[in-house]
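Read off the chains here:
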Amino acid sequence: MQPQKRSRRRGVILTPQGFQKVQSAKSELESCENFNKRYTLADLSVRTGLDPDTLAKVFACEVGVDKQTLKCCFRAFNLELELTDYQLANSTSKLSNQTTWGEAPDVSLFYGRTEELATLKQWILNEFPVERQSQRCRLITLLGMGGMGKTYLSVKLVQQIQDKFEFVIWRSLLPLPSLKDLLSDLIVFLSNGQDTDLPDNTHSRTSRLIHYLQLHRCLLVLDNADIVLQEHTVQKRGYRNCMCFPYKGDREYREFFKRVGESTHQSCLILTSRDRFKEIAPLEGDTRPIRVFYLKGLQVPEVRALFKTKAAFKGTRDDWSRLVKYYAGNPLALNFVAATIQHLFNNNICDFLEQHIIVFGEVFNLLEEQFNDLSDTAKEVLKCLAFNQRPLSLLELRSHIKISISSQVLLEALESLTARSLIETKASFFSLQPLVMEYVNSRYIREKSTKAQQIDFLNKEPQLQIVE
Ligand SMILES: Nc1ncnc2c1ncn2[C@@H]1O[C@H](COP(=O)(O)OP(=O)(O)O)[C@@H](O)[C@H]1O
Ligand SMILES: [Mg+2]
């Protein structure tokens, strides 16, 4: 990764952490030595030997001062100025940034998502006063079913806000690099290639990365982060004994995500994922620095625009809305379907819908891939909802599901299915989207017919032997 541009440096300002440190020390002195009365700038000027104007700049944390000034100020409060206490003055204003895109896809054909982009920008860029900067979003998980457009949205978002950051890194975690390698890549990039003598263990390496996230305003996107939840990644790396842990997958990676979310810094990490991370979920909140964004499908006008780039499709308003509803606005599934309608139905949407075949070919494979990732309980939930053909409450699900499971395991399965947009929740009732309903039914029909064929084959076997 080679930095593309260098940022200019104009003095330093306190980081939220540095500001907090000096504020706490000041409050302590005010209570011990000043009868709980606040020190004026004139008082502080006497204490620090700095003139009041300079002190006002130090506490406003906007205009840069020289590092010696901050040192003086810290010394007056018996504090030592550390690397994490200050940052470059221009790191929060408009920046000339350094960007690395990895293998991010070309998103020039991009439709809709105006609201989603607006919300995410507000979460990431919303400028809080310095004492509330710790409330700015540091970790966002962008959740949704495969093919829903998470990758595309993340790239578009980064394109639109990259100039607000000093460093921008977009990376796919497929294939999954070792955490150590990823960290060293990120650190080398964020240090302009200077920091190459890195600690060997991942914990210290993560601390080093967080140091850079404090020092500079960085935007990191890790796409396909759900790979760290998958069992086979554990097995591939030979940690078979991890199977006895309650959580699957790469625990180190998830600890890393959690630490980036929890520690104070001025950067933002975005994860795109098909499932939630149990370590992060309890820390999330609508007004917290750690948030989750559920990505839903595209709307009819956007799907029409998308189809138009393929061919001129024919359909009534009702045809279009049925089509989009069946596929829950999933752009990947709709792209597959568009090709079928184009090649087999002469661009006629109505003719295709009349076949009543929603799940086939690549659409089946798309769902199959997601289904295979699910826990046994989650699979049972889908089966149960498909079999009953109506929304069910938690209580009903418990009584209908054939395998014996605890409420805790059932709730976890429901959370995972919601995160993946495989089920919908309305007034505490759970239901399947038409696409998922069709898939689960067709999957079990296939399974049954395969079993029937096998039984048929076994029954016929003696006859075959006789013929031989
Ligand atoms: N906003 C969009 N506009 C147009 N096409 C899109 C959009 N979002 C996704 N797509 C299409 O859907 C496909 C799947 O999107 P992607 O972002 O890879 O899904 P995910 O990451 O959720 O699996 C893309 O390859 C692209 O063709
Ligand atoms: Mg993706």
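An account of the accompanying structure is given in this report. The structure presented is a predicted model; accordingly, all values stated were derived computationally and were not measured. (Residues numbered from 1 in each chain as written. Chains lettered and ligands numbered in written order. Predicted model: local features only at pLDDT ≥ 70, side-chain atom pairs only at ≥ 80, totals over all residues. Heavy atoms only, no water.)

A few words on the sheet that holds strand E8 (residues 290–294). The strand order across the open sheet formed by 6 strands is E3-E5-E6-E7-E4-E8, and the pairing between neighbours is parallel. Sheet topology places strand E3 (98–100) and E8 at the edges, where each strand pairs with a single neighbour. The sheet shows a mean angle of 10 degrees between the axes of neighbouring strands, direction not considered. Of the pairings in the sheet, the one linking strand E4 (residues 139–143) to E8 comprises 5 bridges and is parallel in character. Bridge pairing in E8 places Leu143 opposite Tyr294. Contacts from helix H5 (residues 114–125) reach E4, strand E7 (268–273) and E8, with the element oriented near 175 degrees to E8. Packed onto the sheet, helix H10 (residues 251–262) meets E4, strand E6 (218–223), E7 and E8 and runs at close to 140 degrees relative to E7. (Pairing = 2+ DSSP bridges. Helix = DSSP H or I, 4+ residues; strand = E, 2+ residues; numbered from the N terminus. Axes fitted to C-alpha atoms, helices over the stretch in contact; angles between N-to-C directions. Contact = heavy atoms within 4.5 Å.)

In this section: the site of ligand 1. Around ligand 1 lies a shell of 16 residues, among which Tyr111, Gly147, Lys150, Thr151 and Tyr152 are the nearest. The contact in question runs from an oxygen atom of ligand 1 to an N or O atom on the backbone of Gly149, over 2.9 Å. Separating an oxygen atom of ligand 1 from a side-chain N or O atom of Thr151 is a distance of 2.7 Å. Relative to its unbound accessible area of 550 Å², ligand 1 is 84% covered by the protein chains. Partitioning the shell around ligand 1 into residue classes produces 9 nonpolar, 5 polar and 2 charged. Structurally, the shell around ligand 1 is a two-domain feature, drawing no fewer than three residues from each of domain 2 (98–294) and domain 3 (300–357). (Near = heavy atom within 4 Å. Polar contact = N/O pair within 3.5 Å; in protein donor to acceptor, adjacent residues only side chain to side chain. Areas by Shrake-Rupley, 256 points an atom, 1.4 Å probe, with all protein chains shown as cover. Nonpolar A, V, L, I, M, F, W, Y, C, P; charged D, E, K, R; others polar. Domains from an automatic or database assignment.)

This next bit is on the packing of H5 against helix H6 (residues 150–161). Contact geometry for H5 and H6: axes closest at 11 Å, N-to-C directions at 55 degrees. The orientation of H5 relative to H6 falls into the category oblique. The handedness of the crossing between H5 and H6 comes out as right-handed. Every residue of H6 that contacts H5 at Glu116, Leu117, Leu120, Lys121, Ile124 and Leu125 is listed here: Leu153, Lys156, Leu157, Gln160 and Ile161. (Parallel < 35°, antiparallel > 145°, perpendicular 65-115°, else oblique. Left-handed = near helix turned anticlockwise from the far one by under 90°.)

This brings us to the packing of aromatic side chains. Summed over all chains, the structure comprises 13 aromatic pairs. With a centroid separation of 5.4 Å and an interplanar angle of 70 degrees, the aromatic rings of Phe307 and Trp320 are classed as edge-to-face. Of this pair, Phe307 sits in helix H11 (residues 300–308) while Trp320 sits in helix H12 (residues 317–326), and the two are 13 residues apart along the sequence. Accessibility assignment for this pair places Phe307 and Trp320 in one class, buried. Aromatic rings pair up to connect Tyr253, Phe256, Phe257 and Phe277 into one cluster. In this structure, Arg291 is placed above the aromatic ring of Trp123, and the distance from its NZ or CZ to the ring centre is 5.2 Å. Residue placement shows Arg443 over the ring face of Tyr444; its charged tip is 6.0 Å from the ring centre. (Phe/Tyr/Trp six-rings, centres within 6.5 Å; stacked < 30°, edge-to-face > 60°. Buried < 20%, exposed > 50% of the residue type's maximum accessible area, 1.4 Å probe, protein only. Lys NZ or Arg CZ within 6 Å of the ring centre and 35° of its normal.)

Further remarks concern unusual backbone geometry. The amide bond that connects Leu174 to the next residue, Pro175, takes the cis arrangement and shows omega of -10 degrees. On the secondary structure map, Pro175 appears in the loop between strand E5 (167–172) and helix H7 (179–190). Its identity as a non-glycine residue notwithstanding, Asn224 has a phi of 60 degrees, on the positive side. Residue Asn224 is classed as partly exposed on the basis of its relative accessible area, which comes to 22%. A positive phi angle, close to 55 degrees, is found at Ser421, a residue other than glycine. Of note, Ser421 is situated in the loop between helix H18 (407–419) and strand E10 (423–426). On the basis of relative accessible area, Ser421 is assigned to the buried category, the value being 6%.

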